[in-house]
Structures are given as structure tokens and as C-alpha cells.
Amino acid sequence: MPALDIAEIADADVEAVAALWARCGLTRPWNDPAADIAFARSVPGAAVLVGRAGGEIVASAMVGHDGHRGTVYYVSVDPDRQGEGHGRGIMAAAEDWLRRQGVWKLNLMVRADNTRVVAFYNALGYDTEERINMSKWLDPSKRPG
Ligand SMILES: CC(C)(COP(=O)(O)OP(=O)(O)OC[C@H]1O[C@@H](n2cnc3c(N)ncnc32)[C@H](O)[C@@H]1OP(=O)(O)O)[C@@H](O)C(=O)NCCC(=O)NCCS
């Protein structure tokens, strides 16, 4: 596996990382990636990790915890660089980040239309747990549609 150089996102990376997330099909009209990145960077329990290979940004993940469990969002590898182990690399970095914060379990969500990614997480040791995922828009003005 080629080495992935992983660091927390810098100001100069924001545009490229948002473009990576969009290329990977992870952005939605109601999520502004730049605002999501800024929010994650503004709190102590979250970070946006950026993975470079040969100096180029090829992978990213947002990682964080709520004082109980850890989670990841925007797990992404450049479509031209998938299948080279970078997904495994960025997830290992996210897990290490959480371990350093004292977090011992990571829960993540997979959108219902993205079940093919389940095999990727299985390969990394993740199991499917039957849960009903519920949500409420605390700021109704942000609600899509
Ligand atoms: C999911 C994603 C991050 C995987 O990145 P990647 O760099 O291709 O994954 P890796 O090369 O590190 O693969 C790691 C392991 O997962 C397996 N794997 C990856 N994608 C797989 C797939 N679609 N089906 C089966 N296995 C898969 C690989 O075979 C590999 O197993 P191994 O190490 O035992 O050989 C990448 O495909 C991606 O960015 N997808 C679009 C965005 C997305 O859906 N993100 C997840 C949101 S929940």
C-alpha cells in the first residue's frame, strides 16, 4: 500500500477537500461543505483529516465524538485513486484520532442508497448493528425542501 500522509485540514485545503467530497457523491444541497468543515474545526471534539499521496489530496474524513461514541462523515477517496488502500488508511487515521481522545467505539451511518460501501467497512472490521436512526432539525430553517 502506498504511504498516505495524513494531517488535519489547513485553510488552503478547504476548497480541494470540498471538491473531493462532491466528486465522491457525498455532498447534498442542504449540507454546505465549507460550513461543515468550519464547524468541525471550531470545536475540540472534531477534526477533518486530509490524506495526501505524492503531495496530492486523495482522501479525507471528518471525525468526531460526542463525549460517548465516535463517528465519521465524508469518508472519501478520489475516484481515480480508489482500490489502492487509501480508504483503509484514512479510516485507520480516524480511528487513531478517536483513540487519542479516549473513545472506544465508533458508530457510523451509511445512506440507504450507498449499501455497496458496507463491504468496505466489513473489510475494516465493522459490523452492521440493527438500529433505527432518528433525527430532528433543531433549526427548521436548515431543513431541505
Ligand atoms: C468507500 C471508499 C472510501 C473506499 O476507499 P478505497 O480507497 O477504494 O478502499 P481501500 O482500497 O482502502 O479498500 C479497503 C478494503 O475494502 C475493500 N473494499 C473497498 N471497496 C469495496 C467494495 N465496493 N466492495 C467490496 N470490498 C471493497 C477492499 O477490497 C479492501 O479490502 P482488503 O484491504 O482486505 O483488500 C471509496 O470507495 C469512496 O470514496 N467511495 C465514495 C464515497 C463513499 O461512499 N464514502 C462512504 C460514505 S459512508
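This text follows the structure it describes.
Since this is a predicted model, take the numbers as computed values, not measurements.

About the thresholds
Residues numbered from 1 in each chain as written. Predicted model: local features only at pLDDT ≥ 70, side-chain atom pairs only at ≥ 80, totals over all residues. Heavy atoms only, no water. Buried < 20%, exposed > 50% of the residue type's maximum accessible area, 1.4 Å probe, protein only. Helix = DSSP H or I, 4+ residues; strand = E, 2+ residues; numbered from the N terminus. Arc of directions from axis to C-beta. Contact = heavy atoms within 4.5 Å. Pairing = 2+ DSSP bridges. Core = buried A, V, L, I, M, F, W, Y, C linked by side-chain atoms within 4.5 Å. Salt bridge = Lys/Arg side-chain N within 4 Å of Asp/Glu carboxyl O.

1. Observations concerning helix 1 (residues 14-23)
- Within helix 1, burial applies to Val 14, Val 17, Ala 18, Leu 20 and Trp 21. The buried side chains of helix 1 occupy one side of the element, clustering within an arc of 155 degrees when seen end-on.
- Taken together, the buried residues of helix 1 touch helix 2 (33-42), strand 2 (46-53), strand 3 (56-65) and strand 4 (70-77).
- Where helix 1 ends, the next residue or the one after it, Gly 25, has phi of about 75 degrees, a positive value.

2. A word on the pairing of strand 4
- Of all eight residues making up strand 4, seven are buried, and the element is well covered by its neighbours.
- Note that strand 3 and strand 4 share six bridges and pair antiparallel. What sits directly across from Val 63, in strand 4, is Val 72.
- Connecting strand 3 to the next strand, strand 4, in antiparallel fashion are four residues, including Gly 67 with a positive phi near 90 degrees.

3. Overview of the nonpolar core
- Counting residues in each nonpolar core, the largest one holds 23 residues, and the members touching the most others are Leu 49, Val 63, Val 72, Val 75 and Met 91.
- Of all elements in the fold, only strand 2, strand 3, strand 4 and helix 3 (86-100) reach the threshold of two or more residues within this core.
- The element best represented in this core is helix 3, accounting for six residues.
- The residues touching Val 63, leaving out its near neighbours within four places in the chain, are Gly 45, Ala 46, Ala 47, Leu 49, Thr 71, Val 72, Ala 94, Trp 97 and Leu 98.

4. Some points on the pattern of salt bridges
- Using the criterion set out here, one finds eight salt bridges in the structure.
- For the salt bridge of Asp 11 with Arg 41, the shortest nitrogen-to-oxygen distance reads 2.9 Å. On the criterion of sequence distance, the pair formed by Asp 11 in the loop between strand 1 (5-8) and helix 1 and Arg 41 in helix 2 is long-range, its members being 30 residues apart.
- For Asp 11, a relative accessible area of 64% puts it in the exposed group.
- Across the salt bridge formed by Arg 81 and Glu 84, the nearest N and O atoms sit 3.0 Å from each other.
- On the basis of relative accessibility, which here comes to 25%, the residue Arg 81 falls in the partly exposed class.
- Among the residues examined, Glu 84 registers a relative accessible area of 27% and is labelled partly exposed.
- In this structure, a network of salt bridges that share partners links the residues Glu 95, Asp 96 and Arg 99.

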